[in-house]
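Architecture at a glance
One letter stands for each residue in the lines below.
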Amino acid sequence: MITMKPVEEPDVLALLAKGRFEQPLEGYVMTDGTEYLGYCLFRTEGQTVTVLDAAAPDTMTLDGVVRAAIAKAQNEGAKTFCVAQNIEALARWAQVFVKDTPEPVKITKIFEICD
């Protein structure tokens with residue numbers, strides 16, 4: 001079963017960030033049982049969460065880990081999000097789910113139920 005676990009160890013965050021991002025930084029690690037699949041790094045500032053980096057084996061799992069990060073921030077009061085367009089996987093994600101939408105994007109754009 002695929003699960004996403006918050007990264008609570010600073011050393012693991014630092015390993016995933018590879019010196020590219022300053023603190024504060026949060027992350028999720030995606031696993032399938034004991035098998036590591038991917039990760040997502042993000043930061044919330046004010047009411048905006050920025051997805052800084054993500055990697056996953058396919059589009060479906062990438063979508064899941066990006067949405068998990070955004071949902072966590074939303075649960076803590078964030079209203080908008082941005083994704084790092086310089087990261088190829090995130091640029092592809094944005095092209096599918098928020099194409100031509102100026103940032104910051106309202107979180108309801110990806111979580112609102114359609115009528």
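Presented here is an overview of the structure given in this document.

Rules used throughout
Residues numbered from 1 in each chain as written. Predicted model: local features only at pLDDT ≥ 70, side-chain atom pairs only at ≥ 80, totals over all residues. Heavy atoms only, no water. Salt bridge = Lys/Arg side-chain N within 4 Å of Asp/Glu carboxyl O. Helix = DSSP H or I, 4+ residues; strand = E, 2+ residues; numbered from the N terminus. Buried < 20%, exposed > 50% of the residue type's maximum accessible area, 1.4 Å probe, protein only.

1. Considerations on the pattern of salt bridges
Under the criterion given, the structure shown has five salt bridges. Put simply, Glu26 and Lys72 hold a salt bridge, and the shortest N to O gap is 2.6 Å. Placement of Glu26 in strand 2 (residues 26–32) and of Lys72 in helix 2 (residues 59–75) is noted, with a sequence separation of 46 residues between them. Taking relative accessible area as the criterion, Lys72 reaches 21% and is therefore assigned partly exposed. Taking the shortest distance from any N to any O, the salt bridge between Asp63 and Arg67 comes out at 2.6 Å. On the criterion of helical spacing, the pair formed by Asp63 and Arg67 is a turn pair, its members being four residues apart in helix 2. A relative accessible area of 18% places Arg67 in the buried class. Salt bridges sharing partners connect three or more residues here, namely Glu26, Lys72 and Glu76.

2. Observations regarding unusual backbone geometry
Of the consecutive residues Gln23 and Pro24, the connecting peptide bond is found in the cis state with omega at 0°. Residue placement: Pro24 occurs in the loop between helix 1 (10–17) and strand 2. Of note, the bond from Glu103 into Pro104 is cis; its omega dihedral lies within 30 degrees of zero at 0°. Summarising the element assignment, Pro104 is placed in the loop between helix 3 (88–97) and strand 6 (105–106). Although it is not a glycine, Lys18 adopts a positive phi angle of roughly 50°. You can see Lys18 is positioned in the loop between helix 1 and strand 2. If you check the backbone angles, Asp100 has positive phi at about 60° while not being a glycine. Among the structural elements, Asp100 can be located in the loop between helix 3 and strand 6.

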